[in-house]
Amino acid sequence: MTPADALAAAPLLVLVGGACAIVLLDLSSLPGPRLMAGLGAAVALAAGAAAAVLGTGAPGFGGALLRDGGALAFTLVIAVATAMSLALAGGYLAREAVPGGEFVALVLLSAAGGVLMAVGGDLVVIFLGLELLSLPLYVLTALLPRAARGDEGALKYFLLGAATSAVLLYGIALVYAATGHYELAALRGVPPGGPLILAGLAFIVAGLAFKAALVPFHAWAPDVYESAPTPATAFMAVVAKAGAFGALLRIVASTTGSAIDWQVSLAALAALTLILASFAAVGQRRVKRLLAYSSIAHAGFLTMGSATGIFAAPAVVFYLAIYGALTVGSFGVIALLDNDDPTIGDLAGLWRQRPVLVLALGVFLVGLTGLPPTGGFLAKLYVFEAAIRSQLLWLVVIGVLASVVSAAYYFRVLLACFQPGDASASPHPAPRLGTVVVSVAALAVLAAGVVPGPLLDLAQHATY
Amino acid sequence: MNVSASDLLVVPAVATVASLLPLGRAVRSIGVASGLLVAALSIVLLATPAALAGEQRLVWLAPLGLSYHVGVDGLGGVLLVLSGVLFAVGAAASGDAPHPRGYMALWCALQTAVTGIFIAQDLLLFFVFWEAMLVPLSLLIWLWGGPDRGPATFRFLLYTMTGSAVFLVGIVGLGVAARTFDIVDLASKPISEGAQSLLAALFLAAFVVKLPLFPFHAWLPRAYLAAPIPVAIVLSGIIAKTAVYGIVHLCVGLFPLGILRLAPVLVSLAAVGALYGALLAFRQRDTRRIIAFASLSHLNLIGLGAFSASHLSIEGAAIASVSHGLVVAALFLLAAMLALRTGGFELDRASGLGASAPILAALFTLAVVAAIGVPGTSGFAGEFLILSGSFLAHPAAAIAATATVVVAAAYGLRLLRLAFFGPATTTAFDLRLGERALLVPLLALVLLLGLVPALVTDRISTTDLTPHAQVAR
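Rules behind the numbers
- Residues numbered from 1 in each chain as written.
- Chains lettered and ligands numbered in written order.
- Predicted model: local features only at pLDDT ≥ 70, side-chain atom pairs only at ≥ 80, totals over all residues.
- Helix = DSSP H or I, 4+ residues; strand = E, 2+ residues; numbered from the N terminus.
- Buried ≥ 20, exposed ≤ 12 C-beta atoms within 10 Å, placed from the backbone.
- Contact = placed C-beta atoms within 7 Å.
- Rg over C-alpha atoms; globule rule 2.2 N^0.38 Å.
- pLDDT = per-residue confidence, 0-100.
- Nonpolar A, V, L, I, M, F, W, Y, C, P; charged D, E, K, R; others polar.
- Pairing = 2+ DSSP bridges.
- Domains from an automatic or database assignment.
- Axes fitted to C-alpha atoms, helices over the stretch in contact; angles between N-to-C directions.
- Left-handed = near helix turned anticlockwise from the far one by under 90°.
- Core = buried A, V, L, I, M, F, W, Y, C linked by C-beta atoms within 7 Å.
- Parallel < 35°, antiparallel > 145°, perpendicular 65-115°, else oblique.
- Expected span 1.5 Å × (residues − 1).

Undergrad: Looking at this model, I keep getting lost on the overall build of chain B. Mind explaining?
TA: The helix and strand inventory of chain B stands at 20 helices and two strands. For chain B, the C-alpha atoms occupy an extent of roughly 65 × 55 × 45 Å along the three principal directions. Here chain B, with 473 residues, has 64% of them falling under the buried criterion. Counting contacts in chain B only where the partners sit at least 6 residues apart, residues at least 24 apart contribute 81% of the total.

Shown next as structure tokens:
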């Protein structure tokens, strides 16, 4: 291993090493789930810090692991989202009697998979990343001890996921057959129009779309999001999407300049996703399912950004970072309630009991709607601007109308918290660390809406 | 004193935070002070001889071309004064709201957003404030409103957000094509007539809903009725005027040819709306519903003036905006005071109150007289300028709209006759000192503006008459 290899692999090594250490520590049965979750969050932050300190540079392993701006940005987003999810999980794991060591180790491994997908410069590495991301997620979904629902969701996720892996692998094989290369860099010089390569790329994108839960590959998401332990839901809603879009942007980048044009197919996926998810969300009664459809709709916005080409990568990164904070935050608030799978009506009376949580949830939901002064507004604006630059006005119209529809369901959740009632009456105080994390996330989202400079700088450096 | 436009924003923003301090009932004085301070600072800025008083320009979000560019022009300044007065009056009238701290924080946040709309000189900044208004406003209606608050809030939200969504498409499209979002820079760029029509239509989507222009008014009666009285005051008195400002400042200012082309349709709708609102007001048996539909009528009349976009009609729209704001605030306050005495807003609860509550009757009469546009009140000055200013270009619409003056007299006098001057079967105690202190300044301003309309028109004519004036003449 040359020094360049070590530098490229450092964040991954921190995550995987941390996961192994957690598993060993778990054998001693000494630390409780709260401590485990705290340690896991520290490991994720350390991975992010390692990536930030090392910065960008030459690729490792002969171009298999890249260290460009895009890799750095995605690694940071994944690390922060992982740390937030784990910090939120402490109290939850103790309350629901979820085995802490397993949970934390699986989350860290899955995060390593997400990072691998985003930094991979090679189709095989991307596939490995996808598997490393997915296998722990299947287990995490089934980790709630008391719920039969969890098994159902996990099985559904596993079967569909296995099929997806096959599809992705088949696509990779076709691309290899057409070009003789696994390296993405080799795609640049590919002559256009070969049926093999087009079919191959289509299969690859379908596989990634499944992980990102784009319509029509989304059917698993609401069931899985609902049945998984809530902190794991928060994690997968962000990190699985980050991995998928990291890889997607890489593939788009590597074919930029060739005659392969992604715009029509990705724009169509985005349009379908936005329309269907928005309307499906309106009908939901359970908050987790509603947020699941909302995260599908946001994947539509991310796809809109990806469809406009690689110059819009900063818009996608900015959107993903804001979306990550909003999504982990809103699922996090649910994780801090006693009722793990509340209906909207169950939130009644929450304002009287947990005003801080309701304020934070309010910021998240307003941000997800895309209203100022939150960062959610700027994120949408950034994506819309990129889309209009690429002559995708029709898609922007769909996007803004989807935002309007989204206001209907987000505000329904928010307003329910102020209804009189005590359905969520709780004898326990809210976990302190979790409350702090959620509050900090809410403040960060507000700050990103008013002073977006630092985050925007990071996004601007996301070049390929 | 060196006042910048940003100071207008800082005052209510600080008040928002200050409202969260544990001050108990005294918290409403923060809202009053914030409103009055903004009004005073706006007057100072209006007296500054500059096209954009207190101008400031900072780069905010360079990759997106977003700048923080603020400044106060004539119409904006006038409406800022109105906004300050109405927010102060509304805060003073909010004494009995439960949870006063949360209420007042949302109230001041709403004031911040409304103030931002009137000073923004960047399209995206304008839009940021335009959307930021929604959250505090809908929470105020939903959490402190009447029985119908849930559906009313939702209908309001969906209507306005749909309009804003289309507006955003127009803004981003224009900004990307012109490579700037700065309103001052955009005004100097030539835009083809076809593009102007399209952009004007996209921008108007937001404004016709917020105004609301007939037939986009379905949210209005429910929202006005569901909102607590102070919120209804600012909703009708100043938030509807943000739409008037948007039409004049953005649509007429940037797309004069587009507005000229769309004017026949817009002006006809406004005339129909003015008449329709007045007729509906005549049929109501509830004071708040009368005020709501009378407002609809007046706002459409103001829209008529703004869409006609001649020098006179825009001056008229400005006066009528201020006048309607003051009058509707007085009317809502009076309706609430009447309801306090009779136990409800239904008209048949009161009869012949003039004998037992002469001051209430006198002030109510004055407010109604101003609302129906009797000469000597501000209502007359505005309506007269709007109708005479739009007559040349759109005679049919102007004549139709003139009929509203007659219907307005009918609903106004009916209201007064039923409540105050019929047989004295009910009695009520007269206005208390605090109640008079709220009403007298408002009505004094109404009379002052009726006698010296130049207070407003001088500000408008010197500053923001757009290229359109030359086209229309």
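Undergrad: Is there a simple way to think about the overall build of chain A in this case?
TA: Scanning chain A from N- to C-terminus turns up 18 helices and zero strands. Taking 23 Å as the expected radius of gyration for a compact globule of 464 residues, we find that chain A reaches 21 Å, a close match to that expectation. Overall, chain A is about 65 × 55 × 40 Å in size when its C-alpha atoms are taken along their principal axes. Relative to its full complement of 464 residues, chain A shows a buried share of 62%.

Undergrad: How should I be thinking about the environment of G367 of chain A in this particular structure?
TA: All names here are of chain A. As for its placement among the helices and strands, G367 is situated in helix α14 (residues 355-369). Judged by local crowding, G367 falls into the buried class, with 32 C-beta atoms found within 10 Å. It is 7.5 Å that separates the C-alpha atoms of G367 and V445, two residues lying 78 residues apart in sequence. Leaving out residues up to four positions away in the same chain, G367 has contacts with L326, T374, G375, G376 and V445.

Undergrad: For this particular structure, what's the right way to read the confidence of the model for chain B?
TA: In this model, chain B carries an average pLDDT of 88, and 97% of its residues clear a pLDDT of 70 or more. Segment residues 462-473 of chain B is flagged for pLDDT under 50; beyond a separation of four residues in sequence, or across chains, it makes 22 contacts in the model.

Undergrad: What am I meant to see in the interface of chain A and chain B here?
TA: Accessible area lost upon the coming together of the parts serves often as the stated size of an interface. Chain A puts 27 residues into the contact, and the matching count from chain B is 21 residues. Elements with a minimum of two residues in the side of chain A that touches chain B: α15 (375-389), α16 (393-416) and α18 (453-460) of chain A. Among the elements that take part in the side of chain A that touches chain B, α16 of chain A stands out by supplying eleven residues, more than any other. For the side of chain A that touches chain B, the per-class residue count stands at 23 nonpolar, two polar and two charged.

Undergrad: Teacher, can you tell me more about the pairing of strand β2 (residues 66-72) of chain B here?
TA: The side chains of a regular strand alternate, first on one face of the sheet and then on the other. Residue and element names in this part refer to chain B. Summarising burial for β2: six of the seven residues are buried, a large majority. Sheet analysis places strand β1 (residues 53-61) next to β2, joined by six bridges and oriented antiparallel. Following the sheet pairing, L61 is matched in β2 by L66.

Undergrad: What exactly am I supposed to notice about the domain arrangement of chain A here?
TA: Residue and element names in this part refer to chain A. In terms of domains, chain A is made up of domain 1 (1-156 + 215-253) and domain 2 (263-464). Look at where the C-alpha atoms of domain 1 and domain 2 centre, and you get two points 21 Å apart. On the side of domain 2, 42 residues touch domain 1, which itself brings 35 residues to the contact. Considering every element that reaches the side of domain 1 that touches domain 2, the biggest residue donor is helix α9 (residues 230-255), with 14 residues. Residues belonging to the side of domain 1 that touches domain 2 are distributed by class as follows: 22 nonpolar, eight polar and five charged.

Undergrad: Could you clarify how one ought to interpret the packing of helix α15 (residues 358-371) of chain B against helix α18 (residues 433-451) of chain B in this entry?
TA: Angle between the axes and distance between the axes: these two values describe a pair of packed helices. Residue and element names in this part refer to chain B. Contact geometry for α15 and α18: axes closest at 11 Å, N-to-C directions at 35°. The interaxial crossing formed by α15 with α18 has left-handed handedness. Side by side, α15 and α18 meet where I359, L363, L366, A367 and A370 of the first sit next to R436, L439, L443 and V446 of the second. Residues belonging to the contact of α15 with α18 are distributed by class as follows: eight nonpolar, no polar and one charged.

Undergrad: What is the right way to read the nonpolar core from this model?
TA: One recurring pattern in soluble globular proteins: nonpolar side chains tend to sit buried together. Counting 404 residues, the largest nonpolar core has L15, L108, F318 and Y319 of chain A together with A330, L334 and A367 of chain B as the members making the most contacts within it. Counting contributing residues, this core receives three or more from each of domain 1 (1-156 + 215-253) and domain 2 (263-464) of chain A.

Undergrad: Got a minute to help me understand the packing of helix α3 (residues 69-96) of chain A against helix α12 (residues 313-335) of chain A in this structure?
TA: All names here are of chain A. Relative to each other, α3 and α12 sit at 5°, their axes nearing to 10 Å. Taken as axis vectors, α3 and α12 run roughly parallel relative to one another. Facing G70, A73, V77, A81, M84, S85, L88 and Y92 of α3, the residues of α12 in contact are A313, V317, L320, A321, G324, V328, G332 and A335. Partitioning the contact of α3 with α12 into residue classes produces twelve nonpolar, four polar and no charged.

Undergrad: Hey, could you run me through helix α8 (residues 220-227) of chain A in this one?
TA: Every α-helical turn comprises 3.6 residues, leaving residues that sit three or four positions apart pointing alike. For α8 of chain A, the buried fraction is high: seven of the eight residues fall into the buried class. All of the buried residues in α8 of chain A are W220, A221, P222, V224, Y225, E226 and S227 of chain A.

Undergrad: Just to check I follow, could you spell out unusual backbone geometry for this structure?
TA: For residues besides glycine, phi is generally negative; the peptide bonds are generally trans as well. Backbone torsion omega between V215 of chain A and P216 of chain A reads 10°, so that peptide bond is classified as cis. For P216 of chain A, the location among the structural elements is in the loop between α7 (195-212) and α8. At the junction of L211 of chain B and P212 of chain B, the peptide bond is cis and its omega measures out at -5° in the coordinates. Within the secondary structure, P212 of chain B is located in the loop between α9 (193-210) and α10 (220-226). In this model, Q391 of chain A sits at a positive phi of 65°, which is unusual for a non-glycine residue. Relative to the helices and strands, Q391 of chain A resides in the loop between α15 and α16. A count of 10 C-beta atoms within 10 Å places Q391 of chain A in the exposed class.

Undergrad: I'm lost on helix α10 (residues 263-282) of chain A in this one. Help?
TA: Counted at 1.5 Å a residue, the expected span for α10 of chain A with its 20 residues is 28 Å, and the 29 Å between its end C-alpha atoms agrees. Looking at the buried side of α10 of chain A, the elements it contacts are α7, α11 (287-307) and α16 of chain A.

Undergrad: Any chance you could explain the environment of L135 of chain A here in plain terms?
TA: Mapped onto the fold, L135 of chain A is located in helix α5 (residues 123-141). Sequence separation of L135 of chain A and G161 of chain A is 26 residues, and the distance between their C-alpha atoms is 8.9 Å.

Undergrad: Would you mind showing me how to read the environment of V405 of chain B here?
TA: Residue and element names in this part refer to chain B. When you line up the elements, V405 lands in helix α17 (residues 395-419). For the pair V405 and A371, spaced 34 residues apart in sequence, the C-alpha to C-alpha distance is 9.9 Å. Not counting the four nearest positions on each side in its chain, V405 is found in contact with G373 and E383.

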